[in-house]
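Each chain is listed here by its residues.
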Amino acid sequence: MKTLRKITSSLFCGVLCVTGTLWAFAAPWMPEEPSKDEAALVGFYQGNGESLAVRENAGQLEILYRYQPKDKDFTKSNVFTLVKNYYDNYELREIGPNTDATSTLRFDRDKNGQGISLNMGQKSYTRRFGGENGRPMRITPPKPMEELRKEAEAAQPPSPAYQKTAQLVEITSVVPGIVYDLRYTTANNIFGAPLVQSNHAYLDRSAAQALNRVQQDLKPYGYGLVFWEGYRSWSDFKLATLALGEKHQDMLPKAEEGYAHNTGRSVDVSLVDLASGEEVSMISDFDEPSPAQYAQFAGGTQKQRYLRDLLRQMMTREGFTGSDMEWWHFDWDAGTTYQILNTKEP
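Let us look at the structure shown here. (Residues numbered from 1 in each chain as written. Predicted model: local features only at pLDDT ≥ 70, side-chain atom pairs only at ≥ 80, totals over all residues. Heavy atoms only, no water.)

Regarding its fold elements, the protein chain presents five helices and 17 strands. The proportion of buried residues among the 346 residues of the protein chain is 49%. Expressed as a percentage of contacts within the protein chain between residues at least 6 apart in sequence, the contacts between residues at least 24 apart total 62%. For the protein chain, the exposed area adds up to about 17800 Å²; of that, 49% sits on carbon and sulfur atoms. (Helix = DSSP H or I, 4+ residues; strand = E, 2+ residues; numbered from the N terminus. Buried < 20%, exposed > 50% of the residue type's maximum accessible area, 1.4 Å probe, protein only. Contact = heavy atoms within 4.5 Å. Areas by Shrake-Rupley, 256 points an atom, 1.4 Å probe, with all protein chains shown as cover.)

Below, the structure is given as C-alpha cells:
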C-alpha cells in the first residue's frame, strides 16, 4: 500500500477515501477557468494618474484600485465587484460607512477580443500589457551579443567566501519527466537572442533530488514541472549584465557580486499540464516585468493565483525558499553561502 503524503494546507487538500484496506486520493479541488470572454478583460489599466487591475474571482470580475503607489502587488488595493448588465457593460457599486454609490463601467476591445480600455463615468483607463504593445519586453544590447560575449569570457569572476560547493548534475538525470523550456538558450527571452550556448540544464544534486520530490507531489493535481533556468555560469551572467546596458543595469546584481544562479542552488520553474503536455498559462510569463511577477500579486484569475500558490507550496514544502519578487524563482538551502562557479559543462 502506498503511503500518501499529508497535504499541509486545507486550500489544496483533496479528499481521502477509505474502503476497507484500499486508500485512494481523490482529485483535489481546483478553481474553474473563467469564460474566455471575461478572461480577455483581465489585466492592468492606467489613466488619470491611477492604476487599476481587473481580476476574476469566483466567477466574477473585480476591480483592484491601487491608491498607494508603493503597493506593487496590489495586495493593499480596494476591491470592487463588477455586476454584469449586458456584454461589456458592468455596474460597480461602492458601499461603505458613508458611501453607497453606483457607477456604470464599460470595456472596449480590439479586433481580437482583448480588452484595451475601461471607461467609468468621465474617466478612461488604457490597458497596459506585460511588455510593449502586448509583446514580451525586449532589451536591445548596446553592442552585438558575440562582441559582448568575448568581453564576458575575458573577465575574471569574483571569489567571495563560501560554505558549500554545489555538486552539479543534469536535471533530467534526477527528475524524470521534467519539461525543458530553457529560455536563455533561445531567442525567447528579454534579449531576443540566445544568452547561453548549451541545451543542458544543471542544478546542485540535493536541490535536484528535492525538485524530483516536487515533481511527484504535483502528479495528483495533474501537473508537472517546467524548467526555465537553473545553474548559469558566471561568465554568462556577466554577459547578461553587459547586454542590459546602463539603462537597465539595475535589473540584475552587479557582476562583481555574483548571482544566485551562478551557485547551482537556484531554479526558475513553472507548470505543465500532464494530460495535454502543454505549458500552463500562469499569472505572468517568465521574466515579465510587471506587478504580476510578484509572489503575492492579487490580480489575474482565481485559477492562476491557485496554481502559482500551489507551485510555491510544493516547492517550499520540499525545502526551497521562494522569492517574493519573482513567483517562479526558488533557492535551495537558502541559509548557506555557496561558491560562485564559472564552469560551462560540468
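Here helix α3 (residues 205–218) contains 14 residues, and its C-alpha end-to-end distance of 20 Å stays within 8% of the 20 Å for a straight helix at 1.5 Å per residue. Turning to α3, its buried residues are Ala-207, Ala-208, Ala-210, Leu-211, Val-214, Gln-215, Asp-217 and Leu-218. For α3, the angular spread of the buried residues around the axis is 165°, confining them to a single face. Its side-chain oxygen at 3.2 Å from the backbone nitrogen of Ser-206, Asp-204 defines the N-terminal cap of α3. (Expected span 1.5 Å × (residues − 1). Arc of directions from axis to C-beta. Polar contact = N/O pair within 3.5 Å; in protein donor to acceptor, adjacent residues only side chain to side chain.)

On to the side chain of Glu-62. Here Glu-62 lies in strand β5 (residues 60–66). A polar contact is formed between the side chain of Glu-62 and the side chain of Arg-55, at a distance of 2.7 Å. If we ignore the near neighbours within four places in the chain, the residues touching Glu-62 are Ala-53, Val-54, Arg-55, Asn-57, Val-79, Phe-80, Thr-81 and Leu-82.

With that out of the way, let us pick up the pattern of salt bridges. All chains considered together, the criterion is met by 19 salt bridges. Here Lys-84 and Asp-37 are joined by a salt bridge, their closest N and O atoms 3.9 Å apart. Here Lys-84 is found in strand β6 (residues 78–86), whereas its partner Asp-37 is found in helix α1 (residues 36–39), with 47 residues between them in sequence. Its relative accessible area of 38% is what places Lys-84 among the partly exposed residues. (Salt bridge = Lys/Arg side-chain N within 4 Å of Asp/Glu carboxyl O.)

The next subject is the pairing of strand β10 (residues 123–128). Pairing of strand β3 (residues 43–47) with β10 involves three bridges; the strand directions are antiparallel. Within β10, the position partnered with Tyr-45 by the bridge is Arg-127. Judged from the four bridges that link them, strand β9 (residues 115–120) and β10 form a sheet pairing that is antiparallel. Considered in β10, the bridge of Asn-119 is made with Ser-124. Hairpin connection from β9 to β10: two residues lie between these consecutive antiparallel strands, with Gly-121 at a positive phi of about 60°. (Pairing = 2+ DSSP bridges.)

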